[in-house]
Amino acid sequence: MSAVITTSGLVKQYGRLRAVDGIDLDVQAGDVYGFLGANGSGKTTTVRMLLGLVLPTSGEIELLGERMPRAGRRVLPRVGALIEGPAHYGHLSGRENLSLLDAAGRGGSWRTRRRRVDHALDQVGLGGIGRRPVKAYSLGMQQRLGLAGALLRRPELLVLDEPTNGLDPQGISEVRELLLELHRGGTTVFLSSHLLAEVEQLCSRVVVLDRGRLVLQEELATLTAPTGCTVVHTPTPERVRGTLDGRVTSVDGERVIVRGSDPAEVNALLVGAGIPVSGLALERPTLEEVVLAAAGTSPDRVEARP
Amino acid sequence: MIVVELRKMFRRPRTWATIAVLNALPLLVAVLLLLTDLAPRAGQGPPFLSAVLRNGALYPLAALAIVLPLFLPIAVAVVAGDSIAGEAQAGTLRYLLARPVGRTRLLVAKLVAVLAFVLVTVVVVAGVGYVIGSTLFDAQPIGGTSVSGTPLTSADLSGRTLLAIGYVAVSMLGVAAFALLFSTLTDSPLGATMGALAVLVASSLLFTLDAASPIAPYLPTRYWLAFVDLFRDPIQWRDITRGLALQGLYVGVLLAAAWANFTTKDITS
Ligand SMILES: Nc1ncnc2c1ncn2[C@@H]1O[C@H](COP(=O)(O)OP(=O)(O)OP(=O)(O)O)[C@@H](O)[C@H]1O
Ligand SMILES: [Mg+2]
């Protein structure tokens, strides 16, 4: 495995505000990497630094093995990006927009441009789009077109900043399928998102930012590994406490947490005691719980000082 | 990249609307002149206008002189001010630079596109002026008269007209350089355009002020109308060469500043 994105001590200072404060990222080829954090925690700023749009105050970035922003000319053609929502020329059609974007940079013959554009449009489900100008597109269609722009050069790395913003549930699930398919084809995906459910279904590794600092960087499987407890749903929680005395760690309505990593064993004990059990599962922390525990309140809350 | 920028520029309805509006004013003036037969007296009003009733072949120059003080600079400031800031406001700048398009390359392509706009506009204004002049007025196809009153052959006249078009284009390049610099400084195309226009208004105003006479030779609008000197006999090159040198200086300094700013700037739009 080779490193696709590595940063060390990445800092961006805006006036007195440290938007990004010493981030060390490590994205390996083949990862689907979830980049999480509250509003204003520095995700977009980091993505812009990765792509050479914003120059870091200090720290180093390596993208596909080369130093950014110096090697941008060589590296960026191999990267597809969606940065804080799509942007297009409103008076032109989606096809013309993509064709202009394709022609703007190096690489790729103009003879195959049409095919590239058509393929990218097909991938995001806009294959049948006509000559309508982009300003007449719905938000979801613009988002899809932005994604098509990112896919245009068949990139090895996709850097997506909230790619499902504004999409309906069907659209979100389509994008998920598309990303998984690209991932199976060998594309590394770096995905910043607020939708934890989304990240949970897609990503193999997550990082969490809090006010510009990296507070968590871990395999998703490790984060949501079983805690060693079993969740029991029962209409008679008090009787569970009586039977499994000492093993019950908490009771919340009809939901009882019992120490013990084998639900079958817990079930056998409860059924043996004649306690009705309506649900039984291993306890796993959700990604939401993990993220909320790792990060503090949203940095966008600006509270008055007393 | 240059081709892409040209495509963007000339596929935009706004570009052609601007050129159309620019041509409307000389047309209106021509119609009014024709209806009233009241040409400004020689030496008053826009240059050449007094002569066109006698010779329509001078109308392209009259048309340029009509749009030069206000309309043409506004159009150039709008287009050049939009070049970078417009992309920033639309958000397309970040996608262009991440594509990647080198920042210097983008700036050069934008400049070339603006230059193409200036040339096309000036040529169209002159061309429409020619059509107006030869259909509405008595054109004397065999030559014309110089501003000094001596006769000019038609080859002479068209040669000098081409020089005048070139001179006007260079003057407009100065406006474009101001607008382009402001366009890299702000994310608002309107702000960039207004900034460039403010400079021009200030320059024209100072030019009329006696107290400002020490700096008058360095004002960007100082030699704009010097193209009239091309039609004197003999041609008076003094103001023309000074005008070219001054515009060259402005363009060089302003573009260097625009480049220095744009290539080191954080793109946060
Ligand atoms: N150009 C700028 N000048 C000054 N401060 C900025 C600038 N851009 C961003 N910031 C600040 O940097 C911090 C991080 O912003 P950033 O856009 O990276 O957050 P984010 O994680 O992408 O948030 P969101 O989830 O809302 O998109 C914020 O506090 C923001 O106010
Ligand atoms: Mg963001």
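Residues numbered from 1 in each chain as written. Chains lettered and ligands numbered in written order. Predicted model: local features only at pLDDT ≥ 70, side-chain atom pairs only at ≥ 80, totals over all residues. Heavy atoms only, no water.

A. Region of interest: the site of ligand 1. Every one of the 14 residues lining ligand 1 counts as a neighbour, but N39(A), G40(A), K43(A), T44(A) and T45(A) are closest to it. Positioned at a junction of chains, ligand 1 has nearby residues supplied by chains A and B. Between ligand 1 and the protein, one listed contact pairs an oxygen atom with a side-chain N or O atom of K43(A) at 2.7 Å. In this structure, T45(A) approaches ligand 1 through a side-chain N or O atom, which is 2.5 Å from an oxygen atom. When isolated, ligand 1 has an accessible area of 640 Å², and the protein chains bury 66% of it. At the level of secondary structure, the elements contributing two or more residues to the shell around ligand 1 comprise β2 (17-23) and α1 (43-50) of chain A. Here the shell around ligand 1 gets three residues from one element, more than from any other, and that element is α1(A). Looking at the shell around ligand 1 residue by residue, the classes come out as four nonpolar, eight polar and two charged. (Near = heavy atom within 4 Å. Polar contact = N/O pair within 3.5 Å; in protein donor to acceptor, adjacent residues only side chain to side chain. Areas by Shrake-Rupley, 256 points an atom, 1.4 Å probe, with all protein chains shown as cover. Helix = DSSP H or I, 4+ residues; strand = E, 2+ residues; numbered from the N terminus. Nonpolar A, V, L, I, M, F, W, Y, C, P; charged D, E, K, R; others polar.)

B. Representation of the sheet that holds strand β13 (residues 248-252) of chain A. All names here are of chain A. Pairing is antiparallel in the open sheet, where four strands are placed in the order β13-β14-β12-β15. Bordering the open sheet on either side are β13 and β15 (279-282), each of which pairs with just one other strand. Strand-to-strand twist across the sheet, computed as the mean angle between neighbouring axes with direction ignored, equals 15°. The pairing of β13 with strand β14 (residues 255-259) spans four bridges and is classified as antiparallel. Within β14, the residue paired with V251 across the bridge is V256. (Pairing = 2+ DSSP bridges. Axes fitted to C-alpha atoms, helices over the stretch in contact; angles between N-to-C directions.)

C. The confidence of the model for chain B, seen in detail. The pLDDT averaged across chain B works out to 88; a share of 94% of its residues lies at or above 70. Taken over the whole predicted complex, pTM reads 0.88, whereas the ipTM for its chain interfaces reads 0.87. (pLDDT = per-residue confidence, 0-100.)

D. Spatial organisation of the nonpolar core. Membership of the largest hydrophobic core comes to 160 residues, with the highest contact counts inside it found for F190(A), Y59(B), L106(B), M172(B) and F227(B). Residues within four places of Y59(B) in sequence aside, it is in contact with P26(B), V29(B), A30(B), L49(B), V52(B), I66(B), G129(B), I132(B), G133(B) and F137(B). Counting residues in hydrophobic clusters, the runner-up holds nine residues, among them V232(A), V248(A), V256(A) and L270(A). (Core = buried A, V, L, I, M, F, W, Y, C linked by side-chain atoms within 4.5 Å. Buried < 20%, exposed > 50% of the residue type's maximum accessible area, 1.4 Å probe, protein only. Contact = heavy atoms within 4.5 Å.)

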